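As a plain string of letters, each chain reads:
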Amino acid sequence: MSEEYVWVIDDDQSIRWVLEKTLKQAGMQVNVFDSADEALDAIRGNALAPDAVISDIRMPGSNGLSLLTQLKKSHPNTPVLIMTAFSDLDTTVSAIEGGAFEYIPKPF
């Protein structure tokens, strides 16, 4: 059985570090990005598509909801977990309606 390949996208370096270490300890292959734009560039560059994505919503440049929309167009079966420290009903509904697999408020 092959390793699961997970992308972590967050502008907060400490969140990226914790998630990367935790997922690697669970036996997963992890790629981290500090922006949605960087991750979208990787998808456009024909990078290996992830098995799952964990993304923050609020980041400089494109936000996590925009990333979710674009990923669902190009990789509709890839589960996307959206996380945010700024949880509100509108963004929660937008994320779930946009196809998010899960919506996780920070801190977790």
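Further up the page is the structure itself.
Calculation notes
- Residues numbered from 1 in each chain as written.
- Predicted model: local features only at pLDDT ≥ 70, side-chain atom pairs only at ≥ 80, totals over all residues.
- Heavy atoms only, no water.
- Buried < 20%, exposed > 50% of the residue type's maximum accessible area, 1.4 Å probe, protein only.
- Helix = DSSP H or I, 4+ residues; strand = E, 2+ residues; numbered from the N terminus.
- Pairing = 2+ DSSP bridges.
- Right-handed = clockwise from strand over helix to strand, strands pointing away.
- Contact = heavy atoms within 4.5 Å.
- Expected span 1.5 Å × (residues − 1).
- Arc of directions from axis to C-beta.
- Core = buried A, V, L, I, M, F, W, Y, C linked by side-chain atoms within 4.5 Å.

Here we take up the pairing of strand S4 (residues 80-84). With five of five residues buried, S4 is to be regarded as a mostly interior element. Side chains Val80, Ile82 and Thr84 of S4 all project onto a buried face; the interleaved residues Leu81 and Met83 project onto the opposite face, where all are buried too. Both strand S3 (residues 52-56) and S4 contribute to a ladder of four bridges, which runs parallel. Of the residues in S4, the one forming a bridge with Asp56 is Met83. Pairing analysis gives four bridges linking S4 to strand S5 (residues 102-105), with the strands arranged parallel. By the bridge assignment, Leu81 is partnered in S5 with Glu102. Handedness of the crossover joining S4 and S5 through helix H4 (residues 89-97) is recorded here as right-handed.

Right, let's talk about the environment of Leu81 for a bit. Note that Leu81 resides in strand S4. C-alpha separation for the pair Leu81 and Leu23, spaced 58 residues apart in sequence, amounts to 14 Å. Contact partners of Leu81, with chain neighbours within four places excluded, come to Val53, Ile54, Ser55, Phe101, Glu102 and Ile104.

A few words on helix H1 (residues 13-25). Here H1 is 13 residues long and its end C-alpha atoms lie 18 Å apart, about the 18 Å a rise of 1.5 Å per residue gives. Of the residues making up H1, those classed as buried are Ile15, Arg16, Leu19, Glu20 and Leu23. The arc enclosing the buried residues of H1, seen along the axis, measures out at 125°, which places them on a common side. As for H1, its buried residues are in contact with strand S1 (5-9), strand S2 (29-33), S3 and S4. Gly27 sits one or two positions beyond H1 and adopts a positive phi of about 90°.

The biggest cluster of nonpolar side chains holds 21 residues, and the ones touching the most others in it are Trp7, Ile9, Val53, Leu67 and Ile82. Listed by contribution, the elements that provide at least two residues to this core are S1, helix H2 (36-44), helix H3 (64-74) and S4. With five residues, the single largest contributor to this core is H2. Excluding anything up to four places from it in sequence, Ile82 contacts Ser55, Ile57, Gly64, Leu68, Ala95, Ala100, Glu102, Tyr103 and Ile104. Counting ten residues, the second-largest nonpolar core is a separate cluster that includes Val6, Val8, Ala52 and Met83.

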